[in-house]
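If you want the building blocks of each chain, they are given just below.
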Amino acid sequence: MRAMPKPEAMVQCHRCGGREVIESKIGVLMKNGKPTGGTKALLCVVCLLKGERVTL
Ligand SMILES: [Zn+2]
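Since this is a predicted model, take the numbers as computed values, not measurements. (Residues numbered from 1 in each chain as written. Predicted model: local features only at pLDDT ≥ 70, side-chain atom pairs only at ≥ 80, totals over all residues. Heavy atoms only, no water.)

## Some details on the overall build of the protein
Across its full length, the protein holds one helix and four strands. Secondary structure of the protein in N-to-C order comes out as β-β-β-β-α. Taking 2.2 N^0.38 as the reference for a compact globule, 56 residues should give roughly 10 Å; the C-alpha atoms of the protein span a radius of gyration of 14 Å, well beyond that estimate. Oriented by its inertia axes, the alpha-carbon framework of the protein measures out at about 40 × 30 × 10 Å. Taking contacts inside the protein between residues at least 6 apart in sequence as the whole, the part at least 24 apart equals 34%. When the accessible area of the protein is evaluated, it comes to approximately 5000 Å², of which 56% is carbon and sulfur surface. (Helix = DSSP H or I, 4+ residues; strand = E, 2+ residues; numbered from the N terminus. Rg over C-alpha atoms; globule rule 2.2 N^0.38 Å. Contact = heavy atoms within 4.5 Å. Areas by Shrake-Rupley, 256 points an atom, 1.4 Å probe, with all protein chains shown as cover.)

## Section: the pattern of salt bridges
Applying the stated rule across the entire model yields one salt bridge. Among the salt bridges present, the one from Glu52 reaches Arg15, with a minimum N-O distance of 1.9 Å. You can see Glu52 sitting in the segment after α1 (45-49) and its partner Arg15 sitting in the segment before β1 (21-26), a full 37 residues away along the chain. Of the residues examined, Glu52 reaches a relative accessible area of 33% and is grouped as partly exposed. (Salt bridge = Lys/Arg side-chain N within 4 Å of Asp/Glu carboxyl O. Buried < 20%, exposed > 50% of the residue type's maximum accessible area, 1.4 Å probe, protein only.)

## Considering the coordination of the zinc ion
The zinc ion binds to the protein through Cys13 (SG), Cys16 (SG), Cys44 (SG) and Cys47 (SG); the donor distances cover 2.3 Å. Since its relative accessible area comes to 0%, Cys44 is described here as buried. Given the relative accessible area of 2%, Cys47 is considered buried. (Donors = N, O, S within 2.8 Å, 3.2 Å for Na, K, Ca; no water.)

## Thoughts on the side chain of Ser24
Relative to the helices and strands, Ser24 resides in strand β1. Ignoring sequence-local partners within four residues, the contact set of Ser24 consists of Thr39, Lys40, Ala41, Leu43 and Arg53.

## Re unusual backbone geometry
Notably, Asn32 is not glycine yet its phi reads approximately 55°, a positive angle. The residue Asn32 is located in the loop between β2 (29-31) and β3 (34-36) in this model.

Encoded structure:
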């Protein structure tokens with residue numbers, strides 16, 4: 001099952017307008033020494049440095 005194709009667009013923070021993001025993973029499981037699964041989330045770096053967690 002795939003999501004509907006979306007038009008390409010620059011990822012931009014909706015709170016500060018920053019374009020630098022980092023990828024985080026939530027709920028990763030360790031299997032045979034390798035991290036598997038988990039949910040990816042893009043976080044704004046600028047907001048993160050301000051102590052706020054803004055997912056994109
Ligand atoms: Zn931001």
